[in-house]
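Descriptive analysis of the structure
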Amino acid sequence: MRDFSADHRWLSINTATVRKQRGIDLPLPDILEACALRGIRAISPWRDQVHAAGLATISKLVKTHGFALSGYCRGGMFPAADAAGLKAARDDNRRALDEACELNAACLVLVVGGLPGALAGKAAHKDIALARSQVTDGIAELLEYARAQAMPLAIEPLHPMYAADRACINTLEQALDVCDRLDPVSTASTAGPRALGVAVDIYHTWWDPKLQAQIARAGQDARLLAFHVCDWLTPTTDLLNDRGMMGDGVIDIPRIRGWMEDAGFAGYSEVEIFSTHHWWQRDCAEVLDTCIARHRSAV
């Protein structure tokens with residue numbers, strides 16, 4: 001396993017981690033400048049932050065600072081209650097992919113969506129099987145466009161607590177089953193990443209008794225496209241916005257990273273922390289400095 005103790009060259013910052021400073025929105029250009037100042041060489045920006053600053057502006061900053069993008073957050077949210085909604089999701093995902101290409105991201109991360117309307121508080125129906133079918137169909141359609149643009153898609157399974165509203169793909173095994181169906185092993189190229197793979201976020205997957213075996217399965221087919229790290233706090237006061245800094249919770253992060261690297265993953269460890277009452281209340285500089293220190297000691 002790689003030794004991270006001496007430097008942070010394999011650290012990536014998901015920009016949600018520092019999207020707020022003392023509870024106030026921090027502009028993405030300021031975040032990128034702070035990362036560059038600390039020698040952080042990889043980022044993963046969120047679309048809303050990119051849109052607020054302007055795609056052209058962020059593209060220029062990425063090139064100026066020489067940032068790599070460990071991923072682009074996010075595409076997905078495929079299910080809808082009607083044909084118009086399905087078309088809107090399709091069109092938005094194509095725009096997301098175009099943005100990922102402009103920023104030269106390693107992959108477009110897909111948070112696939114759940115029951116239509118549930119995220120807004122009123123689900124249109126209770127048929128999760130239908131939602132999963134629409135997810136598979138949506139990924140299949142986007143995959144053809146993604147192949148033409150040479151932009152890999154990374155399905156991110158989310159913890160089952162999000163099955164209704166954010167993602168009805170909830171285990172790595174489910175995600176890989178979709179990958180195998182839509183992008184069979186026989187279509188693999190001898191060079192470059194797979195067209196369809198997975199983003200392994202330990203906040204969502206650490207509990208899974210099949211995690212080690214499924215990481216190994218993903219590695220065999222070159223589907224490990226991204227690795228997201230944070231920690232699970234006990235007690236957790238908010239299931240969305242109370243993620244912990246690495247080392248502050250109960251996840252054995254080095255063990256999971258070891259499984260990833262044993263399976264062939266050699267990319268960035270992307271820190272992605274949503275923390276309304278803790279890290280989003282601190283100065284950006286403090287948060288980034290802590291990420292660097294914990295990447296060396298707890299990842």
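Our subject is the structure listed above.
Basis of the calculations
Residues numbered from 1 in each chain as written. Predicted model: local features only at pLDDT ≥ 70, side-chain atom pairs only at ≥ 80, totals over all residues. Heavy atoms only, no water. Helix = DSSP H or I, 4+ residues; strand = E, 2+ residues; numbered from the N terminus. Buried < 20%, exposed > 50% of the residue type's maximum accessible area, 1.4 Å probe, protein only. Contact = heavy atoms within 4.5 Å. 1 Å grid on protein atoms, 1.4 Å probe; cavity = no way out; pocket = protein on both sides within 12 Å on 5 of 7 lines; lining within 4 Å. Points joined across faces, edges and corners; volume = space filled by probe spheres on them. Nonpolar A, V, L, I, M, F, W, Y, C, P; charged D, E, K, R; others polar. Axes fitted to C-alpha atoms, helices over the stretch in contact; angles between N-to-C directions. Parallel < 35°, antiparallel > 145°, perpendicular 65-115°, else oblique. Left-handed = near helix turned anticlockwise from the far one by under 90°. Patch = residues over 30% accessible without salt bridge, like charges linked within 9 Å, V, L, I, M, F, W, Y side chains within 5 Å. Areas by Shrake-Rupley, 256 points an atom, 1.4 Å probe, with all protein chains shown as cover. Salt bridge = Lys/Arg side-chain N within 4 Å of Asp/Glu carboxyl O. Core = buried A, V, L, I, M, F, W, Y, C linked by side-chain atoms within 4.5 Å.

Right, let's talk about the side chain of Thr136 for a bit. Structurally, Thr136 is set in helix α5 (residues 128-149). On the accessibility criterion, Thr136 (9% relative accessible area) is buried. Non-local contacts of Thr136, meaning those with residues more than four positions away in its chain, are made with Val178, Arg181 and Leu182.

Turning our eyes to something else, we now look at the layout of surface pockets. Remark: the empty space left among the atoms is shown by a probe the size of a water molecule rolled over them. Taken as a whole, the largest pocket spans an internal volume of roughly 360 Å³. In this structure, the largest pocket is lined by 20 residues; those nearest its centre are Trp46, Arg74, Arg166, Leu240 and Phe274. Put simply, the parts of the chain that give the lining of the largest pocket at least two residues each are β6 (72-76) and β7 (108-111). Of the residues belonging to the lining of the largest pocket, the class tally is 11 nonpolar, two polar and seven charged.

This part covers the packing of helix α8 (residues 211-220) against helix α9 (residues 253-262). The interhelical angle for the contact between α8 and α9, taken along N-to-C directions, is 30°, at an axis separation of 8 Å. The orientation of α8 relative to α9 falls into the category roughly parallel. For the crossing formed where α8 meets α9, the hand is right-handed. Facing Leu211, Gln212 and Ile215 of α8, the residues of α9 in contact are Ile256, Trp259 and Met260. Considered class by class, the residues forming the contact of α8 with α9 number five nonpolar, one polar and no charged.

Moving on: a nonpolar patch on the surface. Side chains of Trp206, Trp207 and Val250 sit close together on the surface and give an oily, nonpolar patch of about 250 Å² of accessible area. Overall, the relative accessible area of 39% leaves Val250 in the partly exposed class.

By size, the foremost hydrophobic cluster in this structure holds 83 residues, and its most contacted members are Leu108, Val112, Ile139 and Ile155. In terms of residues, this core owes the most to one element, α5, which gives seven residues. Excluding residues that lie within four positions of it along the chain, Ile155 makes contacts with Leu110, Val112, Ile139, Ile169, Ala175, Val178, Cys179, Leu196, Gly197, Val198 and Ala199. Core analysis: the second largest hydrophobic core is formed by six residues, Val109, Ala154, Ala199 and Ala226 among them.

That's the geometry; what it means functionally is another story.
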